[in-house]
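Single-letter residue listing:
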Amino acid sequence: QQTMTAMHFLPLVLLFGFSGHVLGDEHEEHPTIHGSGTTNPSPFFWKVMDLFEERARQDIRMTYRAVGSSTGQREFQGENNGNVAYTDFGAGDIPMTQERYDNVTMSGRIFQEDA
């Protein structure tokens with residue numbers, strides 16, 4: 001069922017975290033959610049993001065860059081940005097190293113882990 005799949009999209013892409021600044025900058029015209037990571041499911045992610053944007057009660061913008069799992073993890077961690085995340089979420093098919101996990105959690109961001 002396509003709607004059910006779409007509704008499960010965000011928990012799926014939150015495989016290695018969620019930064020907590022989803023609603024974006026207060027100066028932004030529209031709240032924006034940025035993500036990056038694994039390339040294989042990117043067409044699915046883009047389709048589901050389009051559905052979220054169309055059906056959201058609030059005007060929202062969503063982006064996903066298919067740059068690979070490792071780059072997605074570095075962007076989520078903010079590895080080259082003083083541990084300030086470039087993205088709000090990421091998707092990956094490789095595990096995050098303990099060092100990256102520790103850097104993300106020490107910066108105050110929260111991980112959504114599948115139970």
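Residues numbered from 1 in each chain as written. Predicted model: local features only at pLDDT ≥ 70, side-chain atom pairs only at ≥ 80, totals over all residues. Heavy atoms only, no water.

Turning to helix α5 (residues 98-106), a few remarks are in order. The set of residues buried in α5 consists of Arg-100, Asn-103 and Val-104. Seen along its axis, α5 keeps its buried residues to an arc of 95°; they face one direction. Facing away from the buried surface of α5 by more than 90 degrees, the exposed residues are Gln-98, Glu-99 and Met-106. The elements touched by buried residues of α5 are α4 (69-77). Just beyond α5, the residue with positive phi is Gly-108, at close to 95°. (Buried < 20%, exposed > 50% of the residue type's maximum accessible area, 1.4 Å probe, protein only. Helix = DSSP H or I, 4+ residues; strand = E, 2+ residues; numbered from the N terminus. Arc of directions from axis to C-beta. Contact = heavy atoms within 4.5 Å.)

Next up on the list: the pairing of strand β1 (residues 32-37). With respect to burial, β1 is a largely interior element, five of its six residues being buried. Taking the sense of rotation as the criterion, the β-α-β connection linking β1, helix α3 (residues 42-55) and strand β2 (residues 61-66) turns out right-handed. Where β1 meets strand β3 (residues 89-91), three bridges bridge the pair, whose relative direction is parallel. Bridging across to β3, Gly-37 finds its partner in Ala-91. (Right-handed = clockwise from strand over helix to strand, strands pointing away. Pairing = 2+ DSSP bridges.)

Spatially, three strands are ordered β2-β1-β3 in an open sheet, and the strand pairing comes out parallel. Looking along the sheet, the strands with just one partner apiece sit at the ends: β2 and β3. When strand polarity is set aside, the average angle formed by the axes of neighbouring strands in this sheet is 20°. Set on the sheet, α3 makes contact with β2 and β3; between it and β2 the angle comes to about 175°. Running over the sheet, α4 touches β1, β2 and β3 and is turned about 140° from β1. (Axes fitted to C-alpha atoms, helices over the stretch in contact; angles between N-to-C directions.)

Let's shift gears to the pairing of β2. Direction of pairing for β1 relative to β2: parallel, over a ladder of six bridges. Within β2, the position partnered with Gly-35 by the bridge is Tyr-64.

Before going further, it helps to examine the packing of α4 against α5. The angle between the axes and the distance between the axes are what describe a pair of packed helices. Taken N-terminus to C-terminus, the directions of α4 and α5 make an angle of 30°; their axes are 9 Å apart at the nearest point. As judged from the angle between their axes, α4 and α5 are roughly parallel. Crossing hand, α4 versus α5: left-handed. Where α4 approaches α5, its residues Ser-70, Gln-73, Arg-74, Phe-76 and Gln-77 are matched on the opposing element by Arg-100, Asn-103 and Val-104. Class assignment of the residues belonging to the contact of α4 with α5 gives a composition of two nonpolar, four polar and two charged. (Parallel < 35°, antiparallel > 145°, perpendicular 65-115°, else oblique. Left-handed = near helix turned anticlockwise from the far one by under 90°. Nonpolar A, V, L, I, M, F, W, Y, C, P; charged D, E, K, R; others polar.)

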